[in-house]
Amino acid sequence: MLKVTDLRVTFRRSVKGQFWSAGKSLRAVDGVNLEVAAGETVGLVGESGCGKSTLGRAVLQLVRPSGGRVEFEGVDLCTLSEAQLRPYRRRMQMVFQDPFSSLNPRLTVGQAVAEPMRVHGLAQPHEIPARVAELFAMVGLSPNTANRFPHEFSGGQRQRVGIARALAAQPQLLVCDEPVSSLDVSIQAQIVNLLEDLRARLGLAYLFVSHDLAVVRHLSDRIAVMYLGRIVEVAGKQDLYERPLHPYTQLLLDAIPGTDRAYEKTRAPQILQGEIPSPLNPPGGCTFHPRCPQATARCRQEAPVPQPLAGGRWIACHLHG
Ligand SMILES: Nc1ncnc2c1ncn2[C@@H]1O[C@H](COP(=O)(O)OP(=O)(O)O)[C@@H](O)[C@H]1O
Ligand SMILES: [Mg+2]
C-alpha cells in the first residue's frame, strides 16, 4: 500500500554563531526505503533526533521531501499538487504525541471529531452527531463527553479524542508519532491496546513511530531501526528481538530494562555510548561507526548500502553481507 523509495528531506538551517555554516543543509531523512502493506503495522524506532518524525511527516507530505518517492497505492504523492493530495490526505491520518497541541481549544471535542467528516464530505450534517457518538464509543469515551472542551480531559482521554478524530476521516493508514510517549505508563498500555483493537476491527495499517523499542514490540509486525536519517535494519518482530544483527539494534535492545538481553548483559555491560551526532556534521563512512563497538577500518571509510537477507530482512552494516 505504501512504498517509500530513496526518500530525502533536507532542512536549510543556520547555526547560531557560525556564519560559515549559514544555509548549510541538514539531511534529516537521508535515502530511506520502507514499505507498509495494507493492514500491517511497521514500527519505526531510533533515538530522539534521528529523523523519525520528519519521515512520518514526509510520508503524509506535511513536509515536502527533497528527493525520492512516496507511493500510496502506486501513486507518487511527491509529484501531486496540494489539490491533488486532498483525497490522499484523508486516507492517511496522523496521531500525534501531544493531542492537546493538535486540538483547537475553542472547539468541543465533539466538534473536533466532526470536523474531518465535514471537510471531506463523509457524512450529511444530520448524520454527524450519531457518527461522532459511534466514534467516541469506539475509542472508549462516553458520548456524553462530546460537549466538553479539550482542557477538561486527562492526557489519555485526549489521546482517545485524537484517535477518534483521525478515524473520523476513515483512513487506511495511521502514522502514529510517539502516541503514548507523553502518557503515564499505566495509560500507555491502554492506548496501545486500543490501537491494536482498532487495527483488527478496521483493518488499518500503522506506521508506528517510537523511541521506545518496548512499546513498538507489542504492536508491530515488522520493525525498522533508524539512525541519523537512515534505516539501518528492518526485520520481522521476532527476528529483530531474538536475533538482532545490527550493532545499533543490539545496543538499543540491551538498554530495555527487565529483558533477558539486558539481564545477560549486566555482567558484561556494553552500553550505548555518547550522543547521536548532529546530522549537520554526520560522521563519514558508516555514520554509526564512532559509537559502534565492532567498527573496523572499512566502517570508518565506506558507508554501508542496505542489503537484503533471508526472511525479508534488510541490513546496512559491513559486518553482514
Ligand atoms: N522544521 C525543521 N527545521 C530544521 N530542522 C529540523 C526541523 N524538523 C526537524 N529538524 C531536525 O531534523 C532532525 C530530525 O528531527 P526529527 O525528525 O524530529 O527526529 P525524531 O522524531 O527522530 O526525534 C533533527 O536534527 C532536528 O533538529
Ligand atoms: Mg519525533
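Rules of the game
Residues numbered from 1 in each chain as written. Chains lettered and ligands numbered in written order. Predicted model: local features only at pLDDT ≥ 70, side-chain atom pairs only at ≥ 80, totals over all residues. Near = placed C-beta within 6 Å. Helix = DSSP H or I, 4+ residues; strand = E, 2+ residues; numbered from the N terminus. Nonpolar A, V, L, I, M, F, W, Y, C, P; charged D, E, K, R; others polar. Axes fitted to C-alpha atoms, helices over the stretch in contact; angles between N-to-C directions. Parallel < 35°, antiparallel > 145°, perpendicular 65-115°, else oblique. Left-handed = near helix turned anticlockwise from the far one by under 90°. Contact = placed C-beta atoms within 7 Å. Pairing = 2+ DSSP bridges.

**Q** Would you mind showing me how to read the site of ligand 1 here?
**A** Close contacts around ligand 1 come from 13 residues, with Phe11, Ala28, Lys52, Ser53 and Thr54 the closest. For the shell around ligand 1, the secondary structure elements donating two or more residues are strand 1 (2-13), strand 2 (24-36) and helix 1 (52-59). Here the element with the most residues in the shell around ligand 1 is helix 1; it accounts for three residues. Partitioned by chemical class, the residues of the shell around ligand 1 number five nonpolar, six polar and two charged.

**Q** Help me out: how do you make sense of the packing of helix 5 (residues 128-138) against helix 6 (residues 155-168) in this one?
**A** The description of two helices packed together rests on the angle between their axes and the distance between the axes. Here helix 5 crosses helix 6 at 130°, and the two axes come no closer than 9 Å. Our classification of the angle between helix 5 and helix 6 gives oblique. Classified by chirality, the crossing of helix 6 by helix 5 is right-handed. Here Leu135, Phe136 and Met138 of helix 5 come into contact with helix 6, specifically with Ala164, Leu167 and Ala168. Its residues assigned to classes, the contact of helix 5 with helix 6 comprises six nonpolar, no polar and no charged.

**Q** Explain the sheet that holds strand 7 (residues 173-177) to me, please; I cannot follow it from the model alone.
**A** Backbone-to-backbone hydrogen bonds join strands into a sheet, with any given pair of strands oriented parallel or antiparallel. Taking strand neighbours across the sheet as the criterion, the eight strands line up as 6-7-8-3-9-10-12-11 in an open arrangement whose pairing is mixed. Of all strands in the sheet, those bounded by a partner on one side alone are strand 6 (92-95) and strand 11 (307-308). Two strands pair when backbone bridges link them, and strand 10 (residues 230-236) and strand 12 (residues 314-315) are joined in this way by two bridges, in the antiparallel orientation. Across the sheet, the residue bridging to Val234 is Trp314, located in strand 12.

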